[in-house]
Amino acid sequence: MAIDTAWRRRRQAALWTLSTGSLAWAALRGTGWEPAPLVPLLAFTPLAAGGSVLPFLAAVAGRRWATAVPAALALSLFTACLAPRAIADRPVGPGPGSGVALPVMTANLLAGGADPATILRLVRANDIAVLALQEFTGQARSALTAAGLGTLFPYASVALPRTSDPFDTTGSALYSRYPLSGPGVRLNVGGFQQAYATVEVPSGGPVAIESAHPVAPHSLAVMDEWRTDLGNEPVPDPDGPPRILLGDFNATLDHAALRRLIGRGYRDAADATGQGLRPTWGPYAIRPVKLVTIDHVLVDRRIGVSRVAVHALRRSDHRAVVADLWLPARR
């Protein structure tokens, strides 16, 4: 009897800890408070939300109402934060029949080692007009050129790694089917480069596009750089051409720093089409499992979005993200 009583107490304490812990996590996400030590953890909020179902069900099944209340509150907060990503927004901006199609794709090459054949296959299958690449290297450029990328994209803005170190992942590239003007490179505080250019889309006019790659918040030492990189990303100018920012943001929609950037004139294409919970990155050692959504296509609110798809990318720890966009037709 004493053993049974001790077991019940331990089980109740474990349920209480899980319930209150879930509520604390949900409250942290809901308030937008982002203390530096918890920034990496916040990327896993969707997984925490899924896990919070277990203590709620266990508490209800055991009629532990005091434990069920914080678990229910946590579930409610998580649902309020995450459910909109799985629901497509009402169409905004131009679309089929009223705009000019611009299919785009972004891919992180994992130090230039991603399979070029997979990239070419995805480009052809999705009729990609603009391709953004991160962790671009000289080796990747040679392999992609040999695979035929140059025949599909005659125009490019390229920034190779800044050192000869084979593990230098600071390179960036933007390839286009259409002519470019004003190509250039932005150097982030965190060290990554971002290739950009204005793409001259037939019938759609100019559109400013940049391959984004803020530094990853992997340690407390780079948290300020991570926030600065995200804060320094270019934002749409209502009096200028429409803008697209796509790439590896090293941030999810559960990070307030990314939500602030989006709030300055962007929409997240995956979120807008109900695909915002599709994970795009996971440690290479556990491939093909992907855990968090850090690759995004952010579009100016003048641009329509009809589809977003996520595809496996051989020899990379990221998935490629494809978005079918629609530009306002030039009058």
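Every value quoted in this text rests on a predicted model; they were computed, and no experiment measured them.

Visitor: Requested: an account of the sheet that holds strand 2 (residues 130-134), with residues and values cited.
Guide: Pairing is mixed across the open sheet formed by six strands, whose spatial order is 3-4-2-1-12-11. Lying at the two open borders of the sheet, with one neighbouring strand each, are strand 3 (155-159) and strand 11 (304-311). Adjacent strand axes in the sheet meet at a mean angle of 15 degrees when their direction is disregarded. As paired elements, strand 1 (residues 99-108) and strand 2 share five bridges and run parallel to each other. Each residue of the ladder has a partner; that of Met-105, found in strand 2, is Leu-131. Each of strand 1, strand 2, strand 11 and strand 12 (320-328) is contacted by helix 6 (residues 116-125), which is oriented at about 165 degrees to strand 1, the strand it contacts most.

Visitor: Give me the packing of helix 4 (residues 53-61) against helix 5 (residues 65-82): which residues, what numbers.
Guide: At a minimum axis distance of 8 Å, the contact between helix 4 and helix 5 shows a crossing angle of 150 degrees. Taken together, the axis directions place helix 4 and helix 5 in an arrangement best described as roughly antiparallel. Between helix 4 and helix 5 lies a crossing whose hand is left-handed. When helix 4 is examined against helix 5, the residues Val-53, Pro-55, Phe-56, Ala-59 and Val-60 are found in contact with a partner set consisting of Trp-65, Thr-67, Ala-68, Ala-71, Ala-72 and Leu-75. Within the contact of helix 4 with helix 5, the residues separate by chemical class into ten nonpolar, one polar and no charged.

Visitor: Which residues make up the environment of Ser-19, and what values go with them?
Guide: Checked against the element boundaries, Ser-19 lands in helix 1 (residues 2-31). Distance from Ser-19 to Ala-74, taken between C-alpha atoms, is 7.6 Å for residues 55 residues apart in sequence. In contact with Ser-19, other than residues within four places in its own chain, are Pro-55, Thr-67, Pro-70 and Ala-71.

Visitor: If you had to explain the sheet that holds strand 7 (residues 205-212) to someone new, which residues and values would you point to?
Guide: On the basis of which strands lie adjacent, the open sheet formed by six strands has the order 5-6-7-8-10-9 and mixed pairing. Looking at which strands have only one partner, the edges of the open sheet turn out to be strand 5 (180-187) and strand 9 (266-268). Here the strands of the sheet are splayed against their neighbours by 20 degrees on average, with no regard to which way each runs. Examined bridge by bridge, strand 9 and strand 10 (residues 295-300) share three bridges and lie antiparallel to one another. When the bridges of strand 10 are listed, Arg-267 appears paired with Val-299.

Parameters at a glance
- Residues numbered from 1 in each chain as written.
- Predicted model: local features only at pLDDT ≥ 70, side-chain atom pairs only at ≥ 80, totals over all residues.
- Heavy atoms only, no water.
- Pairing = 2+ DSSP bridges.
- Helix = DSSP H or I, 4+ residues; strand = E, 2+ residues; numbered from the N terminus.
- Axes fitted to C-alpha atoms, helices over the stretch in contact; angles between N-to-C directions.
- Contact = heavy atoms within 4.5 Å.
- Parallel < 35°, antiparallel > 145°, perpendicular 65-115°, else oblique.
- Left-handed = near helix turned anticlockwise from the far one by under 90°.
- Nonpolar A, V, L, I, M, F, W, Y, C, P; charged D, E, K, R; others polar.

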